[in-house]
Amino acid sequence: MRQSHQLPLVGLLLFSLIPRQQCEICEVSKEYYTALNPLISTMINSKYTKGIHAANVLLSLRLGGILNPNQEQQLIQQVNTAVENKKPSLTSGQLALAILALGACKGPDGISINYSELIKILGNKYKAEIKNMDHDGNPLTNYYQLSLDILALCLFSGNYSITEVIKILDPESKNYYFHQQFSVDTGAMAVLALTCVKRSITSGQNKIDTKDLETIDNHMESLIAKILCQKKENGLLGNIYSTGEAMQALFVSSDYYNKNQWDCQKTRDIVLTEISQGAFRMPTAAAQILPALMGKTYLDINKDSSCVYGSDNFNISTQEPISVTPAVPHSQIEVNYSVVVNNQIDNIMVSVADGSVFLDVMEKAQKENATLFSFTVEESSWGPYITTVRGIKANNNDRTYWELLSNGEPLSQGVGSYVVHAGDDLEVRWSIY
Ligand code: CBY
């Protein structure tokens, strides 16, 4: 054969060797890894008061192969101790996330983790979630956590019924919605869980009839359509905090949408812009966006494959960022704060330092009038979460919670992160989601 004839053939061969999926993944290329440094510094320097909240960070850093064995060991210890001490009180999703993080890859020997025992406990917590649905169809926690449970049970050979998974993760379930709005975070996690279940069937680990496989396909197609429906003009999927997990879901399900339905590069680029503007200062936010940017998904978790260490592409400062204390005291700003329960509105004008967050406003209001504005918070992996206001408690069984709004719009950040502006009309409203 003459060389000119061989060339197209070689080209074709090379093309066919490129795995199909790679075309759909648009990770940040290594030359641009410096753009990811803020995320990594945030995660490495994070100090969680509760060890379990470090699970997301550990998972993300291990998937990215970013830590050195020493740093890894410290985080493992933190998560492991939290699991050991807190097993009964952890929610199902917290335990699932801890298992995914501890088993993300095979680390150097040292801490031995008894997966089978943890998986058994997770199986029981998952059952309790489903049992709770008997009454009004509400799980103990939510579908995001149920999907994490299924993912962990699937990846770590736990017990679960495929028929039941199919029934629960039906895209028409109300549990994918908050205030009639499809939750992209939740849908994305469900897609990852269903993909794992589907792969376990097609690889022959699990036997089911083709009808079930078909239903899984239909569920995935519908969930992917709902996620893509939440694609914004600027490329975000849902909002900035759901985009990372939605990207993971789209990476693993390229068979369910057309290439022209999603511009992966556009999504990646808006995320990179947001990183540079400081949108991911919360360690959990950083942890949830990083894997997708490095072309990884939670389906890459594999307790039997060796961990990767200390990528040379990162030059991370483990020094805490020096906070600049202004020489002049902060100027004060005025905001309006109200507590709304049904038709009753109680409001107060409060004055706080410029740069204060929503929580500072609530504290100031409480100080000025404890009868009307008392509240309690719980620490979550996303920072403080409001549990009661004036003694009225949020309750998953009746889908109630304290909703945060500013100028009538629900916030996409919690009380510990949302920085208030002069003249804001801030509100905590007793709501049903
Ligand atoms: N994680 C979970 O169980 C949480 C799952 C999640 C879907 C989560 C968002 C997504 C994620 N990526 O982690 C979720 N939120 C849920 C399920 C809920 C409900 C919690 C109750 C339940 N059924 O378990 C509920 C009540 C509807 C809810 N979130 C409320 C709120 C508001 C909290 C107000 C308060 N009382 O303090 C708030 C602030 C919305 C509002 N305007 O009131 C809120 N959530 C926000 C903003 C968020 C985002 C946080 C972003 C940020 N930077 O802080 C979120 C990422 C998240 C955490 N919620 Co919810 C969604 C988003 O904007 N993309 C598993 C566990 C193991 O960690």
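Quantities reported herein were computed from a predicted structural model and do not represent experimental measurements.

Each value, and the rule that gives it
- Residues numbered from 1 in each chain as written.
- Predicted model: local features only at pLDDT ≥ 70, side-chain atom pairs only at ≥ 80, totals over all residues.
- Heavy atoms only, no water.
- Helix = DSSP H or I, 4+ residues; strand = E, 2+ residues; numbered from the N terminus.
- UniProt positions renumbered as here; feature names shortened; annotations may be inferred.
- Buried < 20%, exposed > 50% of the residue type's maximum accessible area, 1.4 Å probe, protein only.
- Domains from an automatic or database assignment.
- Buried area = accessible area lost by both parts, 1.4 Å probe.
- Salt bridge = Lys/Arg side-chain N within 4 Å of Asp/Glu carboxyl O.
- Near = heavy atom within 4 Å.
- Polar contact = N/O pair within 3.5 Å; in protein donor to acceptor, adjacent residues only side chain to side chain.

## Some thoughts on the environment of Y126
Considering the arrangement of structural elements, one finds Y126 in helix α6 (residues 115-136). Measuring from C-alpha to C-alpha, the distance between Y126 and Y309 comes to 33 Å, with 183 residues separating the pair along the chain.

## Quick notes on the UniProt feature "domain: Transcobalamin-like C-terminal" (unreviewed entry) in the protein
Feature annotation in UniProt places "domain: Transcobalamin-like C-terminal" (unreviewed entry) on residues 355-430, given in this structure's numbering. Spanning residues 355-430, this segment combines 20% helix with 39% strand, and its end C-alpha atoms are found 26 Å apart.

## Description of unusual backbone geometry
Its identity is not glycine, yet H179 carries a phi of approximately 55 degrees, on the positive side. Following the sequence through the fold, H179 ends up in the loop between β1 (177-178) and β2 (181-182). Look at H179 and you get partly exposed, because its relative accessible area is 34%.

## Structural notes on the domain arrangement of the protein
Parsing the protein into structural domains produces domain 1 (30-294) and domain 2 (332-432). Inter-centroid distance (C-alpha atoms) of domain 1 to domain 2 is 29 Å. Together, the buried faces of domain 1 and domain 2 total about 1,400 Å²; carbon and sulfur atoms form 47% of this surface. Among the residues domain 1 hides against domain 2, the three largest losses belong to H179, Y241 and M282. Together they make up 36% of the total. Counting every contact that joins domain 1 to domain 2 gives zero salt bridges.

## Looking at the site of the ligand
Close contacts around the ligand come from 29 residues, with N142, Q145, N239, L404 and Y433 the closest. Contacts to the ligand include N239, whose side-chain N or O atom sits 2.7 Å from an oxygen atom. One nitrogen or oxygen atom from the side chain of N396 is found 3.3 Å from a nitrogen atom belonging to the ligand. Put simply, the parts of the chain that give the shell around the ligand at least two residues each are α5 (92-102), α7 (143-155), α9 (184-202), β6 (383-389) and β8 (400-406).

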